[in-house]
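Residues per chain are reported as follows:
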Amino acid sequence: MERQTCTVTIIAVPPLTFHEARACVLSTVRGARQACAVEEVAMRDAAGRVLAEDVAADRDTPALARSVRDGYAVRAVDAPGELQVIGEARAGGRFGGFVGPGQAVEIMTGAPVPDGADAVAMVEYTRREGDRVRIDRPADPHQFINPRGCEAAAHEIVLRAGVRLDYSGVAALAAFGREQVKMFRKPRAAILATGDEIVEAGQTPEDFQIRNSNAWSLAAQVARAGGEPAVLPVARDNEGHTREMVESGLAADLLLLSGGVSAGKYDVVERVLAGLGAEFYFDRVLIQPGQPLVFGRARGKFFFGLPGNPASTMVTFELFARAALELLGGQEETALHLPYARLTREFRHRPGIERFLPARLSADGGEVTPVGWSGSGDIPAMTRANAYLVAAADRAEYPRGELIRVLLK
Ligand code: AMP
Ligand code: MG
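Residues numbered from 1 in each chain as written. Chains lettered and ligands numbered in written order. Predicted model: local features only at pLDDT ≥ 70, side-chain atom pairs only at ≥ 80, totals over all residues. Heavy atoms only, no water.

Asker: Would you mind showing me how to read the sheet that holds strand β9 (residues 132–135) here?
Answerer: What links the strands of a sheet is backbone hydrogen bonding, and the strands pair in either a parallel or an antiparallel sense. Spatially, six strands are ordered β7-β4-β6-β5-β9-β8 in an open sheet, and the strand pairing comes out mixed. Both outer strands of the open sheet, β7 (119–122) and β8 (126–129), are each paired with one neighbouring strand and no more. Taken over all neighbouring pairs, the strand axes of this sheet differ in orientation by 40° on average, direction set aside. Note: strand β4 (residues 71–74) against strand β6 (residues 103–107), three bridges, orientation antiparallel. Bridge assignment links Gly71 to a residue of β6, and that residue is Ile107. (Pairing = 2+ DSSP bridges. Helix = DSSP H or I, 4+ residues; strand = E, 2+ residues; numbered from the N terminus. Axes fitted to C-alpha atoms, helices over the stretch in contact; angles between N-to-C directions.)

Asker: Which parts of the structure should I look at to understand the nonpolar core?
Answerer: For soluble globular proteins, nonpolar side chains are generally found buried alongside one another. Core analysis: the biggest nonpolar cluster contains 45 residues, and Leu256, Phe282, Phe295, Phe304, Phe317, Leu319 and Phe320 have the highest contact counts within it. Examining the composition of this core, we find that 12 residues originate from one element, helix α6 (residues 310–328), more than from any other. Counting 21 residues, the second largest nonpolar core, distinct from the first, contains Leu192, Val269, Phe280 and Val294. (Core = buried A, V, L, I, M, F, W, Y, C linked by side-chain atoms within 4.5 Å. Buried < 20%, exposed > 50% of the residue type's maximum accessible area, 1.4 Å probe, protein only.)

Asker: Quick question: what am I supposed to make of the packing of helix α3 (residues 214–224) against α6 here?
Answerer: Working note: a packed helix pair is described by the angle between its axes plus the distance between those axes. Remark: α3 packs on α6, axes separated minimally by 10 Å, with the N-to-C direction vectors making an angle of 30°. With respect to α6, the axis of α3 lies roughly parallel. Relative to α6, the crossing made by α3 is right-handed. Between α3, through Asn214, Ser217, Leu218, Gln221, Val222 and Arg224, and α6, the contact on the second element is made entirely by Pro310, Thr313, Met314, Phe317, Glu318 and Leu325. Here the contact of α3 with α6 is composed, by residue class, of six nonpolar, four polar and two charged. (Parallel < 35°, antiparallel > 145°, perpendicular 65-115°, else oblique. Left-handed = near helix turned anticlockwise from the far one by under 90°. Contact = heavy atoms within 4.5 Å. Nonpolar A, V, L, I, M, F, W, Y, C, P; charged D, E, K, R; others polar.)

Asker: Quick question: what am I supposed to make of the sheet that holds strand β17 (residues 254–258) here?
Answerer: With respect to topology, six strands assemble into an open sheet ordered β16-β13-β17-β21-β20-β18, the strand pairing being mixed. Single-partner strands in this sheet number two, and they are β16 (228–231) and β18 (279–284). Averaged over all pairs of adjacent strands, the angle between strand axes in this sheet comes to 15°, irrespective of strand direction. As defined by bridge partners, strand β13 (residues 188–193) adjoins β16 across four bridges and the pair is classed as parallel. Across the sheet, Ala189 pairs through a bridge with Pro229, a residue of β16. This element, α3, spans β13, β16, β17 and β21 (301–306) of the sheet and lies at about 165° to β16. Each of β13, β17, β20 (292–298) and β21 is contacted by α6, which is oriented at about 170° to β21, the strand it contacts most.

Asker: Mind showing me how you'd approach the side chain of Asp237 here?
Answerer: Turning to its location among the elements, Asp237 is positioned in the loop between β16 and α4 (239–249). Although Asp237 is buried, it makes no salt bridge; Arg236 carries the closest opposite charge, 7.0 Å away. (Lys, Arg positive; Asp, Glu negative; His and termini not counted. Salt bridge = Lys/Arg side-chain N within 4 Å of Asp/Glu carboxyl O.)

Asker: Where do I start with helix α1 (residues 18–32) in this structure?
Answerer: For α1, with 15 residues, the first-to-last C-alpha span of 21 Å sits near the 21 Å given by 1.5 Å per residue. If you check which residues of α1 are buried, you get Phe18, Glu20, Ala21, Arg22, Cys24, Val25, Leu26, Thr28, Val29 and Ala32. On its buried side, α1 packs onto β18, β19 (287–288), β20, β21, α6 and β24 (354–361). (Expected span 1.5 Å × (residues − 1).)

Asker: Is there a simple way to think about the packing of aromatic side chains in this case?
Answerer: For any pair of aromatic rings, geometry is given as the distance between the ring centres together with the angle between the planes. This model, assessed by the stated rule, comprises 10 aromatic pairs. Between the aromatic rings of Phe280 and Phe303, the centroid separation amounts to 5.8 Å while the plane-to-plane angle is 75°, which identifies the pairing as edge-to-face. Of the two residues, Phe280 sits in strand β18 while Phe303 sits in strand β21, which places them 23 residues apart along the sequence. The exposure classification of Phe280 matches that of Phe303, with both residues buried. Taken together, a centroid distance of 6.4 Å and an interplanar angle of 50° make the contact between Phe347 and Tyr398 tilted. Of the two residues, Phe347 sits in strand β23 (residues 347–348) while Tyr398 sits in strand β27 (residues 397–398), which places them 51 residues apart along the sequence. The exposure class of Phe347 is buried, given its relative accessible area of 10%. Taking relative accessible area as the criterion, Tyr398 reaches 4% and is therefore assigned buried. Cation over ring: Arg137 sits above Tyr125, and NZ or CZ is 3.6 Å from the ring centre. Seen from the ring of Phe302, Arg297 lies directly overhead, with NZ or CZ sitting 4.8 Å from the centre. (Phe/Tyr/Trp six-rings, centres within 6.5 Å; stacked < 30°, edge-to-face > 60°. Lys NZ or Arg CZ within 6 Å of the ring centre and 35° of its normal.)

Asker: What is the right way to read the environment of Leu26 from this model?
Answerer: Mapped onto the secondary structure, Leu26 falls in helix α1. On the basis of relative accessibility, which here comes to 19%, the residue Leu26 falls in the buried class. Residue contacts for Leu26: discarding those within four places in its chain leaves Ala323, Leu327 and Thr334.

Asker: I tried to follow the pairing of β20 on my own but got confused; where do I start?
Answerer: Sheet faces and side chains relate simply in a regular strand, where the side chains alternate between the two faces. The buried fraction of β20 amounts to five of the seven residues, a majority that puts the element mostly inside the structure. In this structure, β18 lies alongside β20, joined through four bridges in antiparallel fashion. Note that in β20 the partner of Arg284 across the bridge is Pro292. Here β20 folds back onto β21 in antiparallel fashion, the turn holding two residues, of which Arg299 has a positive phi close to 50°.

The structure is reproduced here in structure tokens:
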């Protein structure tokens, strides 16, 4: 079987590289995407949500030619020269007259350019005396004027359906008078932690027990990705209970499982999913943390079986599940930014797998230092990291001062 292919059988699937697995998630989810439900959302609640309609300018913008400097509206041919000031144009008003030869109108940034004028002379290069102004420099026609409609023509689309709105998108909604807008319903992600050793966060664990942290890191990650998390009770390591919980999780748009996907005797997640007729696209990826990593589909819903160690759960969500959730939420694009930073010390690893290790990025983002940790169960170390450094599978050594990719946390 070709490595690159996404396959639907669980048996004999070779592990995928990081890039193959990511490409598989993107193409599979894109290929199966159905129109998400749409709802009306108020502008004030729109930030971070995904537009379900195109938004167009409701008028030429700007609606009039506007000055982009404080100064004097003039005829370019009159500069340099001494001109007669015949009035003032300020933001929030309109100068009703006409600028004739030898005339100027004092103008403020943002104010409409009066008829007759075709340039603005910056106030810094003028000298005013009474109703006369001396323009010191020549002017080019159109200088410091934004013509009508230069930002958007009436009916021109300024925001496309499928974009997740940031604060500038909210500004566009306000600027074009869209106090209500159609947006995709947030995709629901069911979160199912598994394990006989797991107790709820509010409980006092025995020393052989662990509090459920994965469900809550995942809930936070889902919310940040624009989804609606629903945390289910922990599934016990037996097929009956896990099956019951998985079935209820498959009611959501996406099911995120943590733990139970290794090769241990009590790792029942894959068996349970197979029993529900799941298709498996991959179940191992050459990354650390997170080698056992399951991606598939059951009853029409995608699921990820994320490895149970807390750092593995967090990292694999960011690398794969976030993209699936964003696409299911109607986003047209999903990105994984891996910018470069300079290593403050030498870094070596055993090549063959891509590593995403907790790291500290300097305040200006220029330098990166690995954070010491005792492995992928180390939550305190994860809290000290603000990024992951990304060690490529085909490279063993990075000298100090070398550029290396990082993933922001
Ligand atoms: P597993 O993949 O089920 O073998 O889990 C690997 C390890 O991850 C377990 O031994 C636990 O230490 C840890 N783990 C699994 N599930 C959780 C969870 N929900 N919260 C915190 N740690 C977990
Ligand atoms: Mg387990």
